[in-house]
Structure formats: C-alpha cells, structure tokens
Amino acid sequence: MPINPIKSLGFSPCGMFFWGKARTRLHNWKKSQKTMIELKRIRRAPCLAAGPLLIACVVWAAQAPTPKILATSSVSLELNAGKQVPALVRIKGPAGLLLVNRQEETLPAAIELDGATVPLAWQHRPALDITTARHVVFVYESDNPHLRLRWEWEARAEFGPVEHRISIENLSGREVWLPMVDSLRLDWSTDANNSLRNLYVEKGAGSPSPQGTHLDTVSDGYHWTGVSSTYAFSENGGPREIIPAEFIFDAARPQAGWYAGVEFSGRTRISLERSGQSLKSILGLNPDPGPFRTRIEPGGSFETPTIFLGAFLGGVDGAGNQLRPWVRAVLNNPLTWKDPHYPLTVNNSWGSGMRVDESLARRMIGDSKELGLELFGLDAGWFRGVGDWYPNPKKFPHGLAAIADEAHRQGLRFGIWVDWTQAALDTEPGALNVRDPKVKDWLVADLKPDWKPEDFKGQTIDIGAPAARDYAAHEVKRMVEDYKLDMLEHDGYLVAQGCVRDDHPHAPPNMSTAQVHHNWGADIVHDANSTDVSYHAVRAYYGIYEQLRKEHPGLLFEICNDGGRMVDFGSAAHGDYFSITDTYDPLSNRRAFYDTSHVLPAAMLESYVEKWATPHIENFRYMLRSGMMGWLTVMLDTTQWTPEQHDAARSAIALYKQELRPLIRDARLYHVSERPDGVHWDGIEYWDQARAKGVVFAFRGTVVDQPEHRFVLAGLDPEKRYRLHFQDGTALDSEAAGKDLMAQGLTVRLPQTYSSELVFLTEATAGK
Ligand SMILES: [Zn+2]
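Below is a summary of the structure that appears in this document. No experiment lies behind these values; they were computed from the predicted model shown.

1. Some thoughts on the sheet that holds strand S36 (residues 605-609)
Think of a sheet as strands paired side by side through backbone hydrogen bonds, with each pair either parallel or antiparallel. Around the barrel, which closes on itself, the 8 strands sit in the order S24-S25-S28-S31-S34-S35-S36-S37 with parallel pairing between neighbours. Averaged over all adjacent pairs, the angle separating strand axes in this sheet is 25 degrees, with direction ignored. Pairing analysis gives 3 bridges linking strand S24 (residues 345-348) to strand S25 (residues 375-378), with the strands arranged parallel. From the neighbouring strand, asparagine 348 faces S25, where its bridge partner is glycine 377.

As structure tokens, then:
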C-alpha cells in the first residue's frame, strides 16, 4: 500500500478544508499512482484510521461539495463549487489524458465605486446554481456592493469541447467599474520531462506570412501570447494576429492533447507559459494596453468572452476534425448548412476594381450562369460615395434592385460589398457625413479639417454607442431589403477598437497617453480603453447581425475585413464565410487555406481567384483549384477567357458542385504535406467515412527535378482497399491498400510545373 499522502502533508484529517491548498502536493503524489480510484480510496483513509476524529470527518464529508462532472464524448470536466471560489479541478480526455488544474478560479478582488476601491467578498449561493448533465452554473454573490457572478460551463454538442464564461450582474443600484476578468485561467500540473508543443495559426490578414502555421516547442521558461482583434494590423516585424486558439500536446505522445480558443471578435489574447511543473494558460480579453476597466450600469452586466476547452486524439488533424464539425454544429447558422448549395460558387466584380456599372454587372451575370456559378457579388464601386450607400446613378441608372432581379431571373443569388460603419464627406440625404455634429460624436477620433476618405475607405463610427448602433442597424436593414440582397459582405476596419469619446458606454480615453494612427483613410486609436471599446462595439455588431438573421433567414454574411483580418470564432458564430486573405495568387490562397483549415470548417474559407498568368491549361486548372478547397469566389473577367479556358472552368465548377462540395462540407480534412511554398509539392486530403469517398488535391510548384511526389494519406482503414481515379488522367485508374496509402503514400506524377491533379478515392468494397 502506498504511503499515506495526507499524513505526509502534516495536518489533521479534519483540516481537509485546506484540500485546495494541499492539492498540488497530492497531485505530485498522485503521479505515482495508477488510477484515480486509488487516489479516492487514499483520500478517505485518514477518516477510517483516525478513531476519535471519525465523526468529525463524516461531518466534513457531508459538507464537502461534490464535484460536478460535465462531459461530452471527447472530454470530461470535474468542477467544484468552493465556499468562496469555484474551481475547474481536472479534465480527462481520450487515451488516458488527465490534466489536473493547480489553480482555483480568481474572482475579481475589488471594484471601483464612486472613485474608491471597494474590496469584494464572494460567497457561494448554492440555491441559485444550475447543475444538469450538460450545463453547470455556480453562482457567487458579493453583498457590498450587491453583485452576482455566474461561473458557467456548457456542453452544447454531444461531442467536442465545452464552453465557459463568467458573467457579473450589478444588483447594487449604483454604477460600478470592474477590472479585468479573464475568461479562463489554467495552471496544469505537468511533468517537467514532457516535450510539449503548441500549435497555433495566424490570420491570413492582408497576405499570409511565410510561416502561418506555428508549432512551438514549449520548453521550461516558454512564454507566448497570441492576440486577436477586430482588425489585424500587420505591424512591422511584430507578431501576426492569430485565429484565437491553441493546441497543446506532448511530442512523445503526439496523438493526444488539449485545446482551447476564444469565441469573440474583440481584442482578446491567449497566453501560455511553462515553468517547472506548471503549465499556465490564460484566455480572455486582452489586458494590453491597460489598465482595463469597464463600466457596469445598475441592472447591467459584464460577460467575459466565451471560451471553449477540449481534448483530442489523432494529432493536430484529429483536433481539427473534432473542432471543425463542432464549430458547424454549435457556432454556425444551422439554416446556412441546410442549404445544399453551401458553400456557394461566386463571381465577384472586384477583378474590374471600382469600374463597375450596370452593363458589366449584366454581362457578368450572363457569364456566371453559363459557367454554372451561383452568386453574383457586386464589390466596391457601386455606391455614390463612402458612407453614402446608395447606387451611383451614373453607373446604375436603374438601381441595384434591378441587378438583383436580373441575377434572380438567371437563377443566381445576389450580394454586395459594403463597409457599413464608415463615414466620409458626402452630403446627400442618407449619407453618413463626418462633419454632421451627430455623426462627429460617433467617430472614434476627431478628424483634421483637410481629411479626405480613400476610394472605399472612410472613418469608423463606434457602434458601441447606442445611437450609432441604431443608425447602422437601420442602414444595413435598408440595404438588405431595398437591394434585395441574398448576401452582404462587410469589409475594412468595421468594428472599433479604441475611441477618444468620453460619452460612449465604454471607458473614457486617457488623452495623455492615447495614440491615433492614420491608416489608409481611417484614424485608429490605441489607448487603455481599446479593449473595452472593442468589447462594446463587437457586442453591438453581433446584435445587428443576430437581428438581421431573424428578419431575413437565409441571408448570407461574408466577413471580409480586408482579407482575413477578423477571422475568429465569434465571427464564425455571426457570419457564414470568411475571406481568408487579401492576396489572391494560387500560393497565397493555398497558404491561407492550409493555415485556417486547422481550426475552421473548410466550407467557411473563401479564396478569391484573381487573374494570374496561365499559358497552359494545366496552369489555369492549378489556379482555379488553388481556390477550390473551400468556398470558391472567382474574381476576374471571365468573358476574357479563351474558349478552352471557359470549357475547363465550366467543367471544374461542375465537378466542384457534384463531387468536391459534398466533401468540403462533410469530410474529414488532413494536411498531407508541408505548408505550401510554391516550390515543392503540397496537398490536402478529404476523406468522408460516411460516403466512403475522398479526394486528394495535389499541387506541384516550380521544383524542376521532382516530377512525382508521394502523399502519405491519413484517416483510411489499413485493412481496406481503395479505388483511385485521377481526374486529369495523369495516371491510369488503379487500386491500392489503405495500409500502403497511409505508409508508402499515394504517388502523383505531374510533368509540368504549376500544375495540379485531383485524385478521387473510393472504398473498393463500397459499390460501383
Ligand atoms: Zn466610442
């Protein structure tokens, strides 16, 4: 029998209220034990051995809170409601994964009331708790001032991660100011010898960086912070913004690990820090620049960004193959997925830039129909001016509803680009004019007298201000209805982060430290209030889209934001697809897809295909297919294609709709190559177990001495055989064993550089 750990801790058995403090040492002892059951037996042992203390121990046992278990098929959490603080005690995952949290929750220690700091004393209110198998809420209250804190965990699907948030309601009848409250603070007990790794991916913001997908070694002393915001700036030399999620595993056991992410588009951060036997991670709003403070009105509340926490099996792609379906099931709009045409194929006018007009639109709609495309998107250039979102009468004398009617007549859907929080200089009725005193008070910064907008960029209004929000909500609704939209694309620096106004709901600025940067038409504020500004503005943005979705079921929202600058899990819950980069050549499209597809459903990931040199038809297909692994948007003048290119595109689009789209929607996705570099080969595999079908997208870069490449596949059954069909006929159709495809690999031969192939796989025993 093991040595009694309680005895070694040196306090009496009935000192077990100190269990929390002693937990760390117990955990260290526990590592030498084989099972949790054994630990529970030992934990009870002192009571059995103590004789005279037995009764007291029984009383303790009756009073001790029983941990609540919240579980999905992928992860199980043990949650404890202490008298003053709750705790996430441990999580269990597949393959024996067990993580013990060394830290109880940190509830806010004080608030600010009438300029004075008031310490808070939190007490558990068990009568207000909710504890079901899928939903656990522990409620704590402070009496003076009267605040109610809900510490909430929820499993919204049978599988995948669970979600967590903290909300604080102000019942005091007076305005209070709250300091930073993190969404989740973890301090896993970890073996100092474990070789940990952290995988995270960058936003494709503007242009994908050379790295994009990061796999850090988490050694002792590692300290990483990844940030995300409503508009990712590519600051010189600074770290890029991330799609806010982290995936951590032991390199010696790379198949199992844990992951967490943030479901909010405001300024957020994830940090990960390793020191000795401690692995700390904090998720939530970004405290920098600080100090953060946020106002809670009487009767109002503050809610931390929701986070998700899960455990995985099957390596990083295993994590993605759990997270992506979970995003679809829990965060995405169910109506969108009911549409079998999702993800749609689109023809977008930006290939002609701002030079759009009615005749171009009608010509593009006609050619879209001929090519089999399903939506015509009218990009920037259709409006009278920035902030003046009415059709330019010289370009569109019959208005936009006439264009929508034409698209609908041809069986296409219709959408437009708009940057609906931008104000500029137009003075016509309906225009958002920066000199209008009402509008001036909505702008995030004062503008110089000689300020001018860019062609399609103006100054951002802060929709966190209720009057600005109401205006924007009304304006967006008007456009959707008047222009008969099936899709609304929002762009640019739409949602504020940082604002100089002191009469908005967010914290006032510190004008002695606030910095205003001029960036391509817009003034952007960096201040201690930036995170609070983004908190309010993002909630307003979500509210506007939630309302629009209610009023217009089936309306699609594209999140563009200058190509992938607002890609996060909060946006995924309020929009339908993301422009993942603003650089549209084949390599950039594949790089952005490679990165982003680690964490978000492939159907949501839009690649714009722009004009690119295609001397051979193989180059043309390579260009198209580089944008066909997720949502395809063609962004060039298709009427200038040669007849051969037209035929190739028509076939490629038909094949996409017939064969690729069902896989993009439903199949598992595997990154079966290194990240694309444009030189070597790269590829993506889809495998749909339910249909017993899959496909490998194979791309050859400029490498001259490697006409063939072997892709080592994943997710197949080693015992089964698979039929291989080479779409372009670069090899004869054949059959191969699953175990060979997953060990030696699938060989693809392509004689030309910048060419591609689609290799379809079908289980040999499954039909035809
Ligand atoms: Zn503001």
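2. What to know about the environment of tyrosine 622
Relative to the assigned elements, tyrosine 622 resides in helix H15 (residues 617-625). Its relative accessible area of 1% is what places tyrosine 622 among the buried residues. Separated by 125 residues in the primary sequence, tyrosine 622 and glutamine 497 have C-alpha atoms spaced 39 Å apart. Apart from the residues within four sequence positions on either side, tyrosine 622 is in contact with Pro586, Arg590, Trp612, Phe699, Arg700, Tyr754, Ser755 and Ser756.

3. Section: the sheet that holds strand S19 (residues 268-275)
An order of S13-S20-S19-S16 is seen for the 4 strands of this open sheet, with the pairing classed as antiparallel. Where the open sheet ends on each side, the last strands, each with one partner, are strand S13 (184-189) and strand S16 (223-228). The sheet shows a mean angle of 10 degrees between the axes of neighbouring strands, taken without regard to direction. Two elements, S16 and S19, share 6 bridges in a ladder whose sense is antiparallel. Bridging across to S19, threonine 225 finds its partner in serine 271.

4. A few points about the coordination of the zinc ion
Looking at the zinc ion, the protein donor atoms are Asp462 (OD), Cys499 (SG), His504 (ND1) and His506 (NE2), and they sit 2.0 to 2.2 Å from it. Its 4 donor atoms give the zinc ion angles of 102 to 125 degrees at the centre, a pattern that matches the tetrahedral case.

5. Overview of the environment of alanine 401
Within the fold, alanine 401 resides in helix H8 (residues 399-409). The class of alanine 401 is partly exposed, set by a relative accessible area of 21%. Sequence separation of alanine 401 and glutamate 370 is 31 residues, and the distance between their C-alpha atoms is 22 Å. When residues no more than four places from it in sequence are discounted, the contact partners of alanine 401 are Asp482, Tyr483 and Lys484.

6. Notes on the nonpolar core
Among the nonpolar cores identified, the biggest contains 197 residues, and Trp258, Leu309, Trp382, Trp420, Leu488 and Tyr686 are the most heavily contacted of them. With 10 residues, helix H11 (residues 530-551) is the largest single contributor of residues to this core. Apart from the residues within four sequence positions on either side, tryptophan 420 is in contact with Trp389, Ile463, Ala472, Val476, Met479, Leu488, His490, Leu494, Tyr541, Ile544 and Tyr545. If you look at the next biggest cluster of nonpolar residues, it comprises 20 residues, including Trp681, Val748, Leu750 and Val759.

7. Here we look at helix H7 (residues 358-371)
With 14 residues, H7 ought to run about 20 Å at 1.5 Å a step, and its terminal C-alpha atoms sit 20 Å apart, in line with that. Three or more residues of H7 are buried, namely Glu358, Leu360, Ala361, Met364, Ile365, Asp367, Ser368 and Leu371. The elements touched by buried residues of H7 are S24, S25, H8 and helix H16 (643-666).

8. Concerning the pattern of salt bridges
Applying the stated criterion to the full structure yields 46 salt bridges. Here arginine 409 ties to glutamate 406 by a salt bridge, and the two come within 2.8 Å at their closest N and O atoms. Of this pair, arginine 409 and glutamate 406 both sit in helix H8, 3 residues apart, roughly one helical turn. Note on arginine 409: relative accessible area 60%, which makes it exposed. Residue classification places glutamate 406 among the buried positions, given a relative accessible area of 11%. Overlapping salt bridges, with partners in common, bring together Arg125, Glu141, Asp143 and Arg148 in one network.

9. Regarding the pairing of strand S20 (residues 278-285)
Most of S20 sits inside the fold, with 7 of its 8 residues counted as buried. Examined bridge by bridge, S13 and S20 share 6 bridges and lie antiparallel to one another. Counterpart to leucine 186 in the pairing with S20 is serine 281. The sheet contact formed by S19 and S20 spans 8 bridges and is antiparallel. The residue of S20 that forms the bridge with serine 271 is isoleucine 282. Counting the residues between successive antiparallel strands, the hairpin from S19 to S20 contains 2 residues, one of them, glycine 276, with a positive phi of roughly 60 degrees.

10. What to know about the packing of aromatic side chains
Considering all chains together, one arrives at 43 aromatic pairs under this definition. Ring centres of tryptophan 188 and tryptophan 258 lie 5.7 Å apart, and the angle between their planes is 75 degrees; on these two criteria the pair is classed as edge-to-face. Remark: tryptophan 258 occurs in strand S18 (residues 253-262) and tryptophan 188 occurs in strand S13; sequence separation between them is 70 residues. Across this residue pair, the class does not change: tryptophan 188 and tryptophan 258 are buried. Where tryptophan 681 meets phenylalanine 711, the ring centres are 6.3 Å apart and the plane angle is 70 degrees; that geometry is what we call edge-to-face. Of this pair, tryptophan 681 sits in strand S39 (residues 681-688) while phenylalanine 711 sits in strand S41 (residues 708-711); the two residues are 30 residues apart in sequence, bridging distant segments of the chain. Like tryptophan 681, the residue phenylalanine 711 is buried in the burial classification. Among the aromatic residues, ring-to-ring pairing joins Phe264, Phe292, Phe302, Trp420, Tyr535, Tyr541, Tyr542, Tyr545 and Phe557 into one connected group. Across the ring face of tyrosine 390, the terminal group of arginine 478 is positioned such that the distance to the ring centre comes to 3.8 Å. A cation sits over an aromatic face here: arginine 590 above phenylalanine 699, 4.5 Å from the ring centre.

Rules and cut-offs
- Residues numbered from 1 in each chain as written.
- Predicted model: local features only at pLDDT ≥ 70, side-chain atom pairs only at ≥ 80, totals over all residues.
- Heavy atoms only, no water.
- Pairing = 2+ DSSP bridges.
- Helix = DSSP H or I, 4+ residues; strand = E, 2+ residues; numbered from the N terminus.
- Axes fitted to C-alpha atoms, helices over the stretch in contact; angles between N-to-C directions.
- Buried < 20%, exposed > 50% of the residue type's maximum accessible area, 1.4 Å probe, protein only.
- Contact = heavy atoms within 4.5 Å.
- Donors = N, O, S within 2.8 Å, 3.2 Å for Na, K, Ca; no water.
- Tetrahedral: all angles 85-135°; square planar, octahedral: opposite > 155°, others 65-115°.
- Core = buried A, V, L, I, M, F, W, Y, C linked by side-chain atoms within 4.5 Å.
- Expected span 1.5 Å × (residues − 1).
- Salt bridge = Lys/Arg side-chain N within 4 Å of Asp/Glu carboxyl O.
- Phe/Tyr/Trp six-rings, centres within 6.5 Å; stacked < 30°, edge-to-face > 60°.
- Lys NZ or Arg CZ within 6 Å of the ring centre and 35° of its normal.

Shape descriptors only; they carry no functional weight alone.
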